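Descriptive analysis of the structure
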Amino acid sequence: MAVVFIILGVLIVLIVVQTVCVRRDRHRFPPPGTLVDGLHVLQLGAGFPSVVFESGIANSSLNWSLIQSQVARFATTYSYDRAGFGWSDGSDVPCSLDKITTDLRAMLEHQQVPRPFILVGHSFGGLIVRFYAHQFPEEVSGLVLVDPAMPEEWMNPTRQQRFRLRRAIFFTGAAGVLASLGAVRLGLWLLMRRKQDTPGPISRFSSTLRRIRFELKKIPAEILLQICAHWSRPGFYWTMSAYLKVLPSAAAEAARGLFPARLPVMVLSGAHQPPERLVEHAAIATTHIIAKGSGHFIHLDEPELVVDAVREVLQQVNSSRRAIPSNDPMD
């Protein structure tokens, strides 16, 4: 009986410490942007058309830090956190592509973002921006897809893919429980403090942890601290689990969407992609570039490629606008 009380006491202490650390994080890392109906949005720069960034499946506005500040030199830019990620509040509404695009549109309307704008999406964000362009074609002037997820990848998952999803959902849920006890916070702290390139005692058994550590090393230290703070909250993992559960249905939703006619679509593919995926990327692109020095996170490996892609699409949009004759007799 005494052992049970000791275990309960330790658990209570861990939960209290985690709660205190979360509150401390909120003071250390206040939102850099503003909250719009619970969604955090960061606006930088000036110019027309505007550029809106959409993150990958478990990423936040911080994922665009290296890109947004550069694009903001020649355009008005907006990055934001989907519900449950970054500084945004969670949502009780079931996750779906339609819900995500509805939230995005409401935020853009609140910010009075001039239409049409350019949408930039990475990975899962590629499904979101192509679906948005299908639903609201008059609002989008161009797309930049950074190593985008394709509907064909997940809309009819194989047995192996279903197993991978179930395993990912299980471990994500387990990580949420561990995060509520502060274990994830401790693990991230140890992972970031490790100087050697060799795997640690835990990551040597997980290729996912090794890959995460490899990608995180590319991020500036001040941004990395904020990412780890967000990843230390259990709500991050509950949200991520919800996204993983609806990935096949989201891919099917995106597959039903058609690209608006004459829409510039720049696709950047990571060099790691298999030939069949490169063919799919090329099929939807008006311009297709293979980032030979990049993996999945092209905006971290070769940020200048993404900045140049946005600039090129922006120039195409402005050129097409100038080519349209005006109906104003005073012009």
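What comes next is a walk through the structure. (Residues numbered from 1 in each chain as written. Predicted model: local features only at pLDDT ≥ 70, side-chain atom pairs only at ≥ 80, totals over all residues. Heavy atoms only, no water.)

Turning to helix α12 (residues 275-284), a few remarks are in order. Those residues of α12 that sit buried are R277, L278, E280, H281 and I284. For α12, the angular spread of the buried residues around the axis is 160°, confining them to a single face. In α12, the exposed positions angled more than 90 degrees off the buried face are occupied by P275, V279 and A283. As for α12, its buried residues are in contact with α4 (124-135), β6 (140-146), α5 (151-154), β7 (265-270) and β8 (287-291). (Buried < 20%, exposed > 50% of the residue type's maximum accessible area, 1.4 Å probe, protein only. Helix = DSSP H or I, 4+ residues; strand = E, 2+ residues; numbered from the N terminus. Arc of directions from axis to C-beta. Contact = heavy atoms within 4.5 Å.)

A few words now on the nonpolar core. One finds F124 and L143 to be the most contacted residues of the largest nonpolar core, which totals 63 residues. If sequence neighbours within four positions are ignored, L143 has contacts with L119, V129, R130, A133, F259, L263, P264, V265, M266 and V313. Grouped together as the second largest cluster of nonpolar side chains are 21 residues, A75, I118, A291 and V317 included. (Core = buried A, V, L, I, M, F, W, Y, C linked by side-chain atoms within 4.5 Å.)

On to the packing of helix α7 (residues 183-193) against helix α9 (residues 221-231). Remark: α7 packs on α9, axes separated minimally by 9 Å, with the N-to-C direction vectors making an angle of 155°. Classed by the angle they form, the pair α7 and α9 counts as roughly antiparallel. Considering the relative orientation of α7 and α9, their crossing is right-handed. Listed contacts from α9 to V184, L188 and M192 of α7 are L224, C228 and W231. (Axes fitted to C-alpha atoms, helices over the stretch in contact; angles between N-to-C directions. Parallel < 35°, antiparallel > 145°, perpendicular 65-115°, else oblique. Left-handed = near helix turned anticlockwise from the far one by under 90°.)

Here we come to the pattern of salt bridges. For the structure on display, the rule yields 9 salt bridges. The partner of R277 in a salt bridge is E280, and the shortest N-O contact between them spans 2.5 Å. Residue R277 and its partner E280 are both found in helix α12; the two are separated by 3 residues, about one turn of the helix. Classification of R277 by relative accessible area gives buried; the value is 13%. For E280, a relative accessible area of 19% corresponds to the buried category. (Salt bridge = Lys/Arg side-chain N within 4 Å of Asp/Glu carboxyl O.)

This part covers the state of the cysteines. Within this structure, the stated rule accounts for 0 disulfides. Summary of cysteine pairing: C21 is not part of a disulfide, and the nearest cysteine sulfur, belonging to C228, is at 13 Å. Residue C21 is classed as partly exposed on the basis of its relative accessible area, which comes to 21%. (Disulfide = S-S within 2.5 Å.)

Turning our attention to unusual backbone geometry. Most peptide bonds take the trans configuration, and most residues that are not glycine carry a negative phi. Residues F48 and P49 are joined by a peptide bond in cis, for which omega reads 0°. Cis geometry marks the peptide bond from R115 to P116; its omega dihedral reads -10°. Here P116 lies in the loop between α3 (97-110) and β5 (117-122). At D37, a residue that is not glycine, the phi angle is positive and equals roughly 50°. Within the element layout of this structure, D37 appears in the loop between β1 (34-36) and β2 (39-44). A positive phi is found at Q112, a non-glycine position, where the angle reads about 55°. With respect to the helices, strands and loops of the structure, Q112 is situated in the loop between α3 and β5. According to the relative accessible area criterion, Q112 is exposed, its value standing at 66%.

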